[in-house]
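Chain and residue survey
Now for the letters of each chain:
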Amino acid sequence: MNFSSPVSAVQAALAADAAHADPAIWITRIPDAEILARAAVLEAEGPQDRPLWGVPFAVKDNIDVAGVPTTAACPGYAFTPTVHAPAVQRLLDAGAVLIGKTNLDQFATGLVGVRSPYGVPRNVFDPARVPGGSSSGSGAVVAAGIVPFALGTDTAGSGRVPAMFGNIVGLKPTIGSVSARGMIPACRSIDTISVFARSVDEALEIARIIAALDEADPYSRAAPVPHLRRGAPATMRVASVAADICAPEQARLYRAAAASLGAAEVDITPLLQIAHLLYDGPWVAERTAALRGVLQTPDILHPTTRAILEGGLDRRTVDAFDAFHQLAQARRFATQLFARFDVLLLPTAPNTPSLADLAADPIGPNSRLGTWTNFVNLCDLAAWAVPSGMGADGLPGGITLVGPAWSEGRLAALADQLHRAATNTVGATAAPLPQPATPDAAGPNETELFCIGGHMAGLPLNGQVTALGGRFVAEAKTVPGYRLYALGNRPGLVATQGGASIAGEIWALPTTAIGPLLAQIPPPLGFGTVLLQSGPCLGFLAEAAGVAGAQDITAHGGWRAYLAATAITDFIRAGAALMRLPIDPAWEAGIAFNLRTILAQAATLTDPPLPDLLDPAPVFRA
């Protein structure tokens, strides 16, 4: 995220804020003179390797900034902290310039953005619609082009719903990856600071800066893998859901995105059932516990916030244990789901309610917005919310990519591709999207591994790689001098004279994960040095004695091509058997060639083009 001059960057932010003219975005706006003075100091100092040198940003007003009141949108609660929240401190240390603290649903209780005595930030596309919450101001300030990024928080979807309504990116990090110290809790055990940004890569850059273990935060966790390193575009096994409850245009945009990925529709009822417990279960009592002192002076609360918090006083411990058991079942379901799929693609929200809808019913529309967001933190998952395009109704659609904890970097490439397929501008502005980042090369604590079979992207054993923190780097081929054999459901690669070049994929894994992965590999397979066209690399190899008598499939050039050919042959043989036709090898080969040609041509005739119909897994590549 580069700006040539801190002073010019903040001048542009101040001008954009004045032009947008929505005071309800802010609860505390830093005075212009103070902002310009900090920018001038930074400019005089020079970059000094600070990645956010002079970059303007905003902070949701339930996160502490030293010397600036923290209100959580409740004037009667306000106090002035003397130290920054760790996330804010890390951004300032990186050279960022704070413009102000943003409005929110009071105490981060809501997904609509209207529960604040400081007014309702304008929806940047339709002032008659809600802006989304609870991080209403943080979403709006990025969508309006005032700052390139802002901090929000996310318990039930507050870092994702405003992103959809503002046509921007929202990153919901893994719980505990960012210190929550200095943040007013909603549900302390499942809260996280979140990031709104212009693009996926800019959100990822901010996450890299603010993510860190904080021993003073009991819910902080050390990342088990380098989870914020960006992977390259790779084959993904994508699950989707029925979108029948969505508004027509939101449903259309979501289904188009799912179809472009070759997504398989799944039933996620156990996750949806746990979602309602966030506002109708023990986690309401957790909200109440965090703010029990505030309830002693209830007149300072927004009426809807007060009603929700008072509801936690009547929760019973026996019901809490029932909910904990139900949550364990939902988490097990999620684990099993992500053993079959790499990512769960969801509509971010069913619709964009109007202000009139909320005036008529302050609770119902808010509850519906959490349909696909409420369960994510409860089940310890990570999520990217990105735009899905503009509807004919003039409102932006939004989709969310959900993955296991610590999957942010692995999913970033796909999230970025979907974003760029939907729009080429930022939020409600005409500003072009920032250029995508280059995928990260293997780091000093990572080892590249050449995969040639079921461990490749989208294939059944790839989960063994991703579970250990693996991320896709590039497609690759060996130098001539290898032969490939079919060993049941996996191939064996052998170095030999007179061999051929074999296709595979390079994956980067934490070096400490190589041993645990090898322990899962049965003989005669193992790891050894493979000579690629780009140079030597650790890779899968088979013992020569172990492939004796196995089918030589070298002519296919790789495992994917072999699987595709086998699928076509099986289809032809099944059809012949159904029609009781004799199978002639020459006839079979001719039919296979013609069928392959027809399918390849058919895949190019749709808009957008279909994934490769011959690939054994749905493909989505740059």
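Residues numbered from 1 in each chain as written. Predicted model: local features only at pLDDT ≥ 70, side-chain atom pairs only at ≥ 80, totals over all residues. Heavy atoms only, no water.

A few words on the nonpolar core. Residues Leu344 and Trp384 are the most contacted members of the largest nonpolar core, which totals 111 residues. Judged by nonpolar contacts, the second largest core, of 39 residues, contains Ala232, Ala234, Ala513 and Trp559. (Core = buried A, V, L, I, M, F, W, Y, C linked by side-chain atoms within 4.5 Å. Buried < 20%, exposed > 50% of the residue type's maximum accessible area, 1.4 Å probe, protein only.)

All right, on to the pairing of strand β10 (residues 381–390) then. Judged by how many residues are buried, β10 sits mostly within the fold: 9 of 10 residues are covered. Strand direction decides the pairing type here: strand β5 (residues 169–172) and β10, joined by 3 bridges, are antiparallel. By the bridge assignment for β10, Leu171 is matched with Trp384. Relative to strand β11 (residues 396–404), β10 runs antiparallel, the two sharing 9 bridges. Paired with Ala383 across the two strands is Val402, which belongs to β11. Connecting the antiparallel pair β10 and β11 is a turn made up of 5 residues, with Gly394 showing a positive phi of about 85 degrees. (Helix = DSSP H or I, 4+ residues; strand = E, 2+ residues; numbered from the N terminus. Pairing = 2+ DSSP bridges.)

On the basis of which strands lie adjacent, the open sheet formed by 5 strands has the order β13-β16-β12-β18-β17 and mixed pairing. Both outer strands of the open sheet, β13 (471–477) and β17 (525–532), are each paired with one neighbouring strand and no more. Between one strand axis and the next, the sheet turns through 35 degrees on average, direction left out of account. Pairing of β13 with strand β16 (residues 503–510), which is carried by 6 bridges, proceeds in the antiparallel orientation. Paired with Phe472 across the bridge in β16 is Trp507. (Axes fitted to C-alpha atoms, helices over the stretch in contact; angles between N-to-C directions.)

One open sheet holds the 3 strands; their spatial order is β15-β14-β19, and the pairing between them is antiparallel. Strand pairing shows two members of the sheet lacking a second neighbour, β15 (490–495) and β19 (551–552), which therefore form its edges. Where strand β14 (residues 482–487) meets β19, 2 bridges bridge the pair, whose relative direction is antiparallel. Its bridge partner lying in β19, Tyr485 is registered against Asp552.

The interhelical angle for the contact between helix α6 (residues 200–210) and helix α15 (residues 408–422), taken along N-to-C directions, is 155 degrees, at an axis separation of 9 Å. Viewed along their axes, α6 and α15 adopt a mutual orientation that is roughly antiparallel. Here Val200, Asp201 and Leu204 of α6 lie close against α15, whose contacting residues are Gly409, Ala412, Ala415 and Asp416. Class assignment for the residues of the contact of α6 with α15 results in 4 nonpolar, 1 polar and 2 charged. (Parallel < 35°, antiparallel > 145°, perpendicular 65-115°, else oblique. Contact = heavy atoms within 4.5 Å. Nonpolar A, V, L, I, M, F, W, Y, C, P; charged D, E, K, R; others polar.)

Below, the discussion takes up the packing of aromatic side chains. Geometry of an aromatic ring pair is reported as the spacing of the ring centres plus the angle between the planes. This structure, assessed with the given rule, holds 8 aromatic pairs. With centroids separated by 5.8 Å and ring planes inclined at 75 degrees, the aromatic side chains of Phe321 and Phe324 adopt a geometry described as edge-to-face. Of this pair, Phe321 and Phe324 both sit in helix α11 (residues 317–340), 3 residues apart, which is roughly one turn of the helix. We classify Phe321 as partly exposed; its relative accessible area is 47%. Of the residues examined, Phe324 reaches a relative accessible area of 39% and is grouped as partly exposed. Ring pairs connect the aromatic residues Tyr77, Phe79 and Phe107, which therefore count as one cluster. (Phe/Tyr/Trp six-rings, centres within 6.5 Å; stacked < 30°, edge-to-face > 60°.)

Tallying each qualifying case throughout the model produces 23 salt bridges. One salt bridge in this structure joins Asp440 and Arg208, with 2.4 Å as the shortest N-O distance. Of the two residues, Asp440 is situated in the loop between α15 and β12 (446–451) and Arg208 in helix α6; the sequence distance between them amounts to 232 residues. Residue Asp440 is classed as buried on the basis of its relative accessible area, which comes to 18%. (Salt bridge = Lys/Arg side-chain N within 4 Å of Asp/Glu carboxyl O.)

On to α15, then. The end-to-end C-alpha distance of α15 is 20 Å, a good match for the 21 Å that 15 residues give at a rise of 1.5 Å each. Approximately 25 degrees is the largest bend angle found in α15, and it occurs at Leu414. Of all 15 residues in α15, 12 are buried, a share of seventy percent or more. (Expected span 1.5 Å × (residues − 1). Bend = angle between axes of the 7 residues up to and from the residue.)

The next thing to look at is the confidence of the model for the protein chain. Averaged over all residues, the pLDDT of the protein chain equals 92, while 91% of them reach at least 70. Contacts from residues 616–622, a stretch scored under 50 in pLDDT, to residues over four places away or in other chains number 28 contacts. (pLDDT = per-residue confidence, 0-100.)

Another point: the state of the cysteines. Across all of its chains, the model carries 0 disulfides by this definition. Cys451 forms no disulfide, and the closest cysteine sulfur to it belongs to Cys537, at a distance of 8.7 Å. (Disulfide = S-S within 2.5 Å.)

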